Amino acid sequence: MLGLAMVGMVGVSQAAILPLAFNDENPDLFSTLQINGGISTVGVQFPMLCGNTSNAVLAGTRIAPVLPGVNGSSGDFKFGGMTGGATSSLGGVGGWNFRGNGLTMAPNAGLICYVLDSSGVRKASYGLFTDGLESTATPNATVLTRVLSLPDFDNNYQFKYLVDMTIPAEFAGKSYVIRDGFDSSVFDSGSSRFCEAALGATTCTVTPTQNSIDVLSTVPAGGISRRFVVQRPLRSGVFQLPANPNLMLTSAALFVSCDPSPTAPPGCVEIEEANLADNVSAGRGVLSDLLPVITTAPNMVGVLNEGSGATDVRFVISDDTSEIGLNPLNATVNISFNGALMPATNLSCAQQEIPQPGEQIRRTCRFDIPVYDPNFATDSVAGTFVQGVQASIIITAVDSRNQSSTKSVPLHIVSLDNDPPSFSLSPIAIPDEGNGKLPTVSCDLNQQPPYPEQCLGQITNFILNRKPGPPGAADENATQTAFFAGVDASNKLSCTGSIPSIFATAFPGGLQSPKYITSGSQLGLQYQLSAAPGYADCWIVVGDTGLPAGQSYNQSQILFRIKVD
Ligand SMILES: [Ca+2]
Ligand SMILES: [Ca+2]
Ligand SMILES: [Ca+2]
Ligand SMILES: [Ca+2]
């Protein structure tokens, strides 16, 4: 039995591992609790980060959670302000209540604690009184730690990081506290420094304060974003960070609520913040590495003309990762011509620019857009893709640590002309080397059954790939329609040939013609041979329709021969 059910007990201590509950945070575990001189010193097993949004010193016990450091006996985790190398205790504990097999810490108004897990992360779930059915779109305050440099000989063994906090306008008038902390078994307790810096800056322009961040203020109308730069030297005798890069070495926490002090302006209404997981942020032994940023101007490349490429197209890549000793920030560019990828030509990102705030490196890249196909276009009207056709410039930037981002920029290529339809003939039409390579299908009258389809007069798949434009004219093939031109009312081809006709029923002029037949998507020919030797030369003519305004009809034709001998 612990006998801790009362506030303000003096000299109490215990030594077992028991749950420690605070509001609806995940319970911590504590192994020691000493209450002495109004300070409750709790030896916790998981990080417990507390802040108090009161502008007045509140009555009640002060709390000092003590978390062992990475290097066991060499130090503990300090959080918040420091006094003479030790964590300042924090006011606001209303009492300790012993319940069953654990302790509950009752706060006075203003005291908020976040309990993290063993990897320094607060639970992702919402508060006890919200559930998944409620909107998560409540205003969200955030804090983010980004490691700028790891300690080494060259930087005097300084661990340098940024703490960025943002509180949206919905919290205007509320009190907020931002605090950070560190593992004193790794870092020196007495010589840590921080400054407030401009958003985007990574260096101090004011004399740094020698302490941890512990700032209490009020959210102004419009909300607030602040950046702090923190520098922590390794403690004496430590020359490198712990080998495990996932250990929490520093932490920062942001607390937002009404100021409960008697002097605070009245009328403050608490807002339930659904996501408190991002109100804490751990710093670890790895450098922060954001994805590279690709910046393209809206007019990076104008509308190209059919059959044209472009030269000296430019964009900017930038990144938070230093290139020093690593591969430079770079980019690759591919052009998707309606899905067919071609690399950009003459790509170079050699031109360095002055980095903007928050960036370590900034480069201008330039490249040329090749001509994919002289007939390729995506637009009938400049600036609007025809349905089902697109082109894009796909930029992938890769930073010095192989982090990559991709951006796709639409590329418009406008039609300049109406190109002729395209089609080909079945391979049964063999170029006749002795007759100007005229495609020729032959029927040998001495052939024994089974007869080939050209002898039977039923070639079901003779005209292949009939399209209203050349294969590369994506715009035309998506918007126009191809049809057989030059046919008579019974869909017959135009032919000339030997007399008597090779076809069964002769025209008065001496020749009957094959006619087009369609079977599904197959375009074929149908005719009946007369068994007379000879030939017929026939035109297949394909025209296009559905043209953009201002363009004119086009057609293609292929002459072929049917030979009977
Ligand atoms: Ca939040
Ligand atoms: Ca980066
Ligand atoms: Ca065209
Ligand atoms: Ca066409």
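What counts and how
- Residues numbered from 1 in each chain as written.
- Chains lettered and ligands numbered in written order.
- Predicted model: local features only at pLDDT ≥ 70, side-chain atom pairs only at ≥ 80, totals over all residues.
- Heavy atoms only, no water.
- Buried < 20%, exposed > 50% of the residue type's maximum accessible area, 1.4 Å probe, protein only.
- Helix = DSSP H or I, 4+ residues; strand = E, 2+ residues; numbered from the N terminus.
- Pairing = 2+ DSSP bridges.
- Axes fitted to C-alpha atoms, helices over the stretch in contact; angles between N-to-C directions.
- Domains from an automatic or database assignment.
- Contact = heavy atoms within 4.5 Å.
- Buried area = accessible area lost by both parts, 1.4 Å probe.
- Salt bridge = Lys/Arg side-chain N within 4 Å of Asp/Glu carboxyl O.
- Polar contact = N/O pair within 3.5 Å; in protein donor to acceptor, adjacent residues only side chain to side chain.
- Nonpolar A, V, L, I, M, F, W, Y, C, P; charged D, E, K, R; others polar.
- Donors = N, O, S within 2.8 Å, 3.2 Å for Na, K, Ca; no water.
- Tetrahedral: all angles 85-135°; square planar, octahedral: opposite > 155°, others 65-115°.
- Phe/Tyr/Trp six-rings, centres within 6.5 Å; stacked < 30°, edge-to-face > 60°.
- Lys NZ or Arg CZ within 6 Å of the ring centre and 35° of its normal.
- 1 Å grid on protein atoms, 1.4 Å probe; cavity = no way out; pocket = protein on both sides within 12 Å on 5 of 7 lines; lining within 4 Å.
- Points joined across faces, edges and corners; volume = space filled by probe spheres on them.
- Disulfide = S-S within 2.5 Å.

Quick word on the pairing of strand 14 (residues 175-183)
Working step 1: Where burial is concerned, most of strand 14 is hidden: 9 out of the 9 residues are buried.
Working step 2: Alternating positions in strand 14 separate into two faces, S175, V177, R179, G181 and D183 on one and Y176, I178, D180 and F182 on the other, with burial throughout.
Working step 3: Pairing of strand 6 (residues 72-79) with strand 14, which is carried by 3 bridges, proceeds in the antiparallel orientation. By the bridge assignment for strand 14, F77 is matched with D183.
Working step 4: The pairing of strand 14 with strand 16 (residues 214-218) spans 5 bridges and is antiparallel. Counterpart to S175 in the pairing with strand 16 is T218.

Here we look at the sheet that holds strand 24 (residues 340-343)
Working step 1: Spatial strand order, 24-23-29-30: 4 strands in an open sheet with antiparallel pairing. Unpaired on one side and paired on the other, strand 24 and strand 30 (404-410) mark the two borders of the sheet. Along the sheet, successive strands turn relative to each other by an average axial angle of 25°, direction set aside.
Working step 2: Of the pairings in the sheet, the one linking strand 23 (residues 330-337) to strand 29 (residues 391-398) comprises 8 bridges and is antiparallel in character. Note that in strand 29 the partner of F337 across the bridge is A391.

Section: the domain arrangement of the protein chain
Working step 1: Taken domain by domain, the protein chain holds domain 1 (15-115), domain 2 (142-283), domain 3 (293-414) and domain 4 (422-564).
Working step 2: Taken together, the contact pairs 28 residues of domain 1 with 38 residues of domain 2.
Working step 3: For the pair domain 1 and domain 2, the summed buried area comes to about 2,500 Å², and 62% of that belongs to carbon and sulfur atoms.
Working step 4: Three residues, T53, F77 and Y114, lead the burial of domain 1 against domain 2; their summed loss comes to 25% of the area buried on that side.
Working step 5: For the interface between domain 1 and domain 2, the tally reads 0 salt bridges.
Working step 6: There are 16 residue pairs in polar contact (both at pLDDT 80 or more) connecting domain 1 and domain 2.
Working step 7: Going through the elements one at a time, strand 4 (48-52), strand 6 and strand 11 (111-115) are the ones with two or more residues in the side of domain 1 that touches domain 2.
Working step 8: Looking at the side of domain 1 that touches domain 2 element by element, the count peaks at 6 residues for strand 6.
Working step 9: Its residues assigned to classes, the side of domain 1 that touches domain 2 shows 13 nonpolar, 13 polar and 2 charged.

What to know about the coordination of the calcium ion (ligand 2)
Working step 1: Distances from the calcium ion (ligand 2) to its protein donors, D289 (OD), L290 (O), D319 (OD), D319 (OD), D320 (OD), T321 (OG1) and D399 (OD), fall within 2.2 to 2.5 Å.
Working step 2: The sequence motif formed by the donor residues of the calcium ion (ligand 2) is D-L-x28-D-D-T-x77-D. Of the two residues, D289 is situated in the loop between strand 19 (280-283) and strand 20 (293-295) and D319 in strand 22 (residues 310-319); the sequence distance between them amounts to 30 residues. Comparing D289 with D319, the two get one shared label, buried.

As for unusual backbone geometry
Leaving glycine out, the prevailing phi sign among residues is negative, and the prevailing peptide bond configuration is trans.
Working step 1: Backbone torsion omega between P449 and P450 reads 0°, so that peptide bond is classified as cis.
Working step 2: Relative to the assigned elements, P450 resides in the loop between strand 34 (438-443) and helix 1 (453-456).
Working step 3: Looking along the chain, the bond that leaves I499 and enters P500 is cis, with omega of 0°.
Working step 4: As for its placement among the helices and strands, P500 is situated in the loop between strand 37 (494-497) and strand 38 (515-519).
Working step 5: The backbone phi angle of D312 is positive, close to 55°, even though this residue is not glycine.
Working step 6: Examined against the element boundaries, D312 turns out to sit in strand 22.
Working step 7: Not every positive phi belongs to a glycine, and N346 is a case in point at roughly 55°.
Working step 8: One can find N346 in strand 25 (residues 345-353).

Remarks on the coordination of the calcium ion (ligand 1)
Working step 1: Binding of the calcium ion (ligand 1) to the protein goes through N140 (OD1), A141 (O), E273 (OE), N275 (O), D278 (OD) and N279 (OD1), at separations of 2.1 to 2.3 Å.
Working step 2: Between the 6 donor atoms coordinating the calcium ion (ligand 1), the angles at the centre fall across 76 to 178°, so the site counts as octahedral.
Working step 3: Here the donor residues of the calcium ion (ligand 1) are spaced in sequence according to N-A-x131-E-x1-N-x2-D-N.

Describing the packing of aromatic side chains
Working step 1: Summed over the entire model, instances satisfying the criterion amount to 14 aromatic pairs.
Working step 2: Arranged with centres 5.4 Å apart and planes meeting at 90°, the rings of F337 and F376 form a pair that is edge-to-face. Of this pair, F337 sits in strand 23 while F376 sits in the loop between strand 26 (361-369) and strand 27 (379-381), and the two are 39 residues apart along the sequence.
Working step 3: On the accessibility criterion, F337 (3% relative accessible area) is buried.
Working step 4: An aromatic cluster of three or more residues is present, and its members are F153, Y157 and F239.
Working step 5: Over the ring of F484 we find R466; its NZ or CZ atom is 4.4 Å from the centre of that ring.
Working step 6: Lying over the aromatic face of Y535, R561 brings its terminal NZ or CZ to 4.1 Å of the ring centre.

A word on the sheet that holds strand 26
Working step 1: Spatial ordering of the open sheet is given by 20-22-26-25, a layout of 4 strands whose pairing is antiparallel. Both outer strands of the open sheet, strand 20 and strand 25, are each paired with one neighbouring strand and no more. Neighbour to neighbour, the strand axes of the sheet diverge by 25° on average, direction disregarded.
Working step 2: Across 3 bridges, strand 20 lies against strand 22 in antiparallel orientation. Following the sheet pairing, I294 is matched in strand 22 by I317.

Observations concerning empty space enclosed by the protein
Working step 1: Applying the stated criterion to the full structure yields 2 cavities of 30 Å³ or more.
Working step 2: The wall of the largest cavity is formed by 18 residues, among which M48, P65, F77, F79 and T87 lie closest to the centre.
Working step 3: Contributions of two or more residues to the lining of the largest cavity are made by strand 4, strand 5 (61-69) and strand 6.
Working step 4: Per element, the largest residue contribution to the lining of the largest cavity is 5 residues, and it comes from strand 5.
Working step 5: Along the lines of polarity and charge, the residues of the lining of the largest cavity split into 13 nonpolar, 3 polar and 2 charged.
Working step 6: Approximately 50 Å³ is the volume found for the second largest cavity.
Working step 7: Considering the residues around the second largest cavity, the lining is formed by 13 residues, among which S308, F337, V371, Y372 and I413 are closest to the centre.
Working step 8: Among the residues making up the lining of the second largest cavity, the classes are represented as 8 nonpolar, 3 polar and 2 charged.

Quick word on the state of the cysteines
Working step 1: What the rule picks out here adds up to 6 disulfides.
Working step 2: Shown here is the disulfide that connects C50 with C113, its sulfur atoms set 2.0 Å apart. Disulfide C50-C113: torsion about the S-S bond near 110°, hence right-handed. Linking C50 in strand 4 with C113 in strand 11, this pair joins segments that are 63 residues apart in sequence. Accessibility classification places C50 together with C113 in one group, the buried group.
Working step 3: Two residues, C195 and C204, share a disulfide whose sulfurs are 1.9 Å apart. The disulfide joining C195 to C204 has a torsion of about -90° about its S-S bond and is therefore left-handed.
Working step 4: C195 gets classed as buried once you look at its relative accessible area, which sits at 2%.
Working step 5: Numbered by position along the chain, the disulfide-linked cysteines of the protein chain connect as 1-2, 3-4, 5-6, 7-8, 9-10, 11-12.

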